[in-house]
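Each chain is listed here by its residues.
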Amino acid sequence: MTASPMLRIDGLVKRYGAHTVLDGVSLDVSPGEVVCIIGPSGTGKSTLLRCVNGLDDIQGGEITVAGMPARAHSKGILEVRKRIGMIFQSFNLYPHLTALQNVMLAPVVVHGEKRSTVEERARALLAKVRLSHRFDAYPGQLSGGEQQRVAIARALATNPGLLMFDEPTSALDPETVGEVLAVMRDLAKEGRTMLVVTHEIRFAADVGTRMVFMDQGKIVESGDPREMLADPKTPRARAFLQSVMAH
Amino acid sequence: MDSTVFIYAGVLLKAMGTTIWLSWLALLIGALGGFILALMQTSRFRALRIVTLLYTQFFVSVPVLIVLFFCYYGLPRLFDIEISSFAAATIALAAHASAMLSAVIAAGITSVGRGQWEAAQVSGMTYPQLMRHIIMPQAAQVILPPFVGVYIRLVKESSIAALIGYVELTQTGLLIRESTHAGLAIIGVVALLYFILNYSISLAGGALERRLKVAGRPPLGARQ
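These lines cover the structure that appears in this document, whether it is placed above or below. (Residues numbered from 1 in each chain as written. Chains lettered and ligands numbered in written order. Predicted model: local features only at pLDDT ≥ 70, side-chain atom pairs only at ≥ 80, totals over all residues.)

## Regarding the sheet that holds strand E10 (residues 218-223) of chain A
By way of backbone hydrogen bonds, the strands of a sheet pair with one another, either parallel or antiparallel. Residue and element names in this part refer to chain A. Spatially, E6-E7-E8-E3-E9-E10 is the arrangement adopted by the six strands of the open sheet, whose pairing is mixed. Whereas interior strands pair on both sides, the edge strands pair on one side only; in this sheet they are strand E6 (84-87) and E10. The average angle at which neighbouring strand axes cross in this sheet is 15 degrees, direction not considered. Bridging between strand E3 (residues 34-38) and strand E9 (residues 210-215) involves four bridges; their strand directions are parallel. (Pairing = 2+ DSSP bridges. Helix = DSSP H or I, 4+ residues; strand = E, 2+ residues; numbered from the N terminus. Axes fitted to C-alpha atoms, helices over the stretch in contact; angles between N-to-C directions.)

Here it is as structure tokens:
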């Protein structure tokens with residue numbers, strides 16, 4: 001078990017009709033790693049995450065999460081999803097539930113835990129994302145940054161082995177990006193296993209243990225974030241990093 | 001208005017109760033059927049969607065009166081069973097209601113954004129859990145107003161049961177008119193009772209709507 005990766009993606013192929021979005025992607029994520037996926041828009045970074053938890057079906061290759069095969073519409077996909085916490089670009093909090101209820105729902109409903117123990121943990125998690133004062137607020141009453149922090153607490157509530165972030169700060173106002181990144185930084189420090197699709201290159205360089213550059217449905221380059229930033233090996237990664245860092 | 005109306009007040013109120021019972025039962029059965037049809041209609045399985053489409057299109061297109069006659073005169077012959085006018089009226093109204101409500105409920109379900117489904121799915125929820133905790137509470141706000149409209153329509157449509165001799169509010173009014181000299185006045189009273197009934201339903205629906213709205217505000221950052 002020691003050497004087995006939390007997530008293994010092997011030769012993943014994803015097509016929408018005739019259009020190939022992911023073209024033979026292979027990637028392993030070991031426990032404790034923080035893998036940041038960067039690359040131009042429309043290269044299949046988000047689709048990759050969606051394939052891992054079975055929101056999108058795949059046309060080729062194999063994905064395993066903690067040793068279990070992950071495939072949309074398969075019987076085992078629920079077990080896979082229970083082990084992954086997912087954070088979306090658009091938060092997707094449940095608008096009819098308060099912040100606290102949002103965090104508590106999955107542990108109670110999906111994992112069948114006792115409401116009282118879950119509530120205690122949910123309060124602690126909301127405190128951890130610095131929202132102790134917002135337990136009873138509805139998502140509509142929260143700012144984007146606050147909503148995304150509730151979403152992170154919600155993903156943590158079931159103590160998943162893998163956290164997946166799908167451009168978590170892309171829908172945020174610039175002034176609230178920092179507070180979300182700070183929370184993510186804390187999680188990385190705790191040793192959480194994270195797979196992060198992001199445009200925040202600086203965050204990826206600081207916090208990531210590995211950087212993966214994707215372009216046109218393929219992994220073009222991957223390696224140590226600081227090395228890659230300083231000296232990209234491929235022309236495409238170089239061109240991309242230059243254009244992002246220029247801003 | 002002469003005293004006949006007052007003499008028959010008790011009979012009329014009892015008949016009103018019958019109308020409420022008939023339309024309420026049809027609504028309950030129709031809502032259950034409509035819910036199942038709506039789940040089929042929003043399913044990813046094409047065969048289920050086609051079956052639902054045929055069913056709803058049939059009952060939306062054919063007059064309730066024809067369905068009622070078929071239930072009352074046709075079903076006994078087809079299956080060699082006895083069927084009361086009450087049962088026939090309930091079946092016909094419920095069939096019609098289920099077709100109308102399936103469209104209403106399906107619209108409510110599809111009004112809940114893709115992101116809500118996905119957030120619930122990735123947390124490991126099963127389809128029933130997802131429906132119960134995430135989709136239906138949000139869809140309810142969209143469903144309720146037209147649902148109340150369907151109920152009011154059902155109350156009115158239940159008067160066609162008079163045509164197969166079931167003694168509900170309309171038929172009671174017609175019988176009193178025939179056997180007394182009350183004339184049009186009694187029809188006016190019947191109309192007034194329908195109005196009171198349906199206006200009350202409308203008010204109750206409005207109150208329920210306001211209560212649902214308090215909690216469910218759309219998130220500021222929702223982009224789905």
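This is not the end of the story, as more comes after the structure.
## Quick look at the interface of chain A and chain B
Contacts between the two partners involve 25 residues from chain A and, on the opposite side, 25 residues from chain B. For the side of chain A that touches chain B, the per-class residue count stands at 16 nonpolar, seven polar and two charged. (Contact = placed C-beta atoms within 7 Å. Nonpolar A, V, L, I, M, F, W, Y, C, P; charged D, E, K, R; others polar.)

## Some points on the environment of Met104(A)
Residues and elements named next belong to chain A. Relative to the elements of secondary structure, Met104 occurs in helix H3 (residues 99-109). Linking Met104 and Pro139, residues 35 residues apart in sequence, is a C-alpha distance of 14 Å. Residue contacts for Met104: discarding those within four places in its chain leaves Val118, Glu119, Ala122 and Ala157.

## Considerations on the sheet that holds strand E2 (residues 19-29) of chain A
Residue and element names in this part refer to chain A. If you trace the four strands from one edge of the open sheet to the other, you get E2-E1-E4-E5, paired in antiparallel fashion. Strands at the two margins of the open sheet, each flanked by one partner only, are E2 and strand E5 (68-69). One ladder, built from eight bridges, connects strand E1 (residues 7-16) with E2; its direction is antiparallel. If you follow Val13 over to E2, its bridge partner there is Asp23.

## Concerning H3(A)
Of all eleven residues making up H3(A), eight are buried, and the element is well covered by its neighbours. Restricting attention to buried positions, one finds in H3(A) the residues Ala99(A), Leu100(A), Asn102(A), Val103(A), Met104(A), Leu105(A), Ala106(A) and Pro107(A). Lining the buried residues of H3(A) we find helix H4 (115-128) and helix H5 (144-156) of chain A together with helix H7 (127-157) of chain B. (Buried ≥ 20, exposed ≤ 12 C-beta atoms within 10 Å, placed from the backbone.)

## Thoughts on the packing of H5(A) against helix H6 (residues 174-189) of chain A
All names here are of chain A. As a packed pair, H5 and H6 sit with axes 8 Å apart at the nearest point and diverge in direction by 15 degrees. Classified by the interaxial angle, the pair formed by H5 and H6 is roughly parallel. The interaxial crossing formed by H5 with H6 has right-handed handedness. For the pair H5 and H6, the contacting residues are Gly144, Gly145, Gln148, Arg149 and Ile152 in the first and Thr176, Glu179, Val180 and Val183 in the second. (Parallel < 35°, antiparallel > 145°, perpendicular 65-115°, else oblique. Left-handed = near helix turned anticlockwise from the far one by under 90°.)

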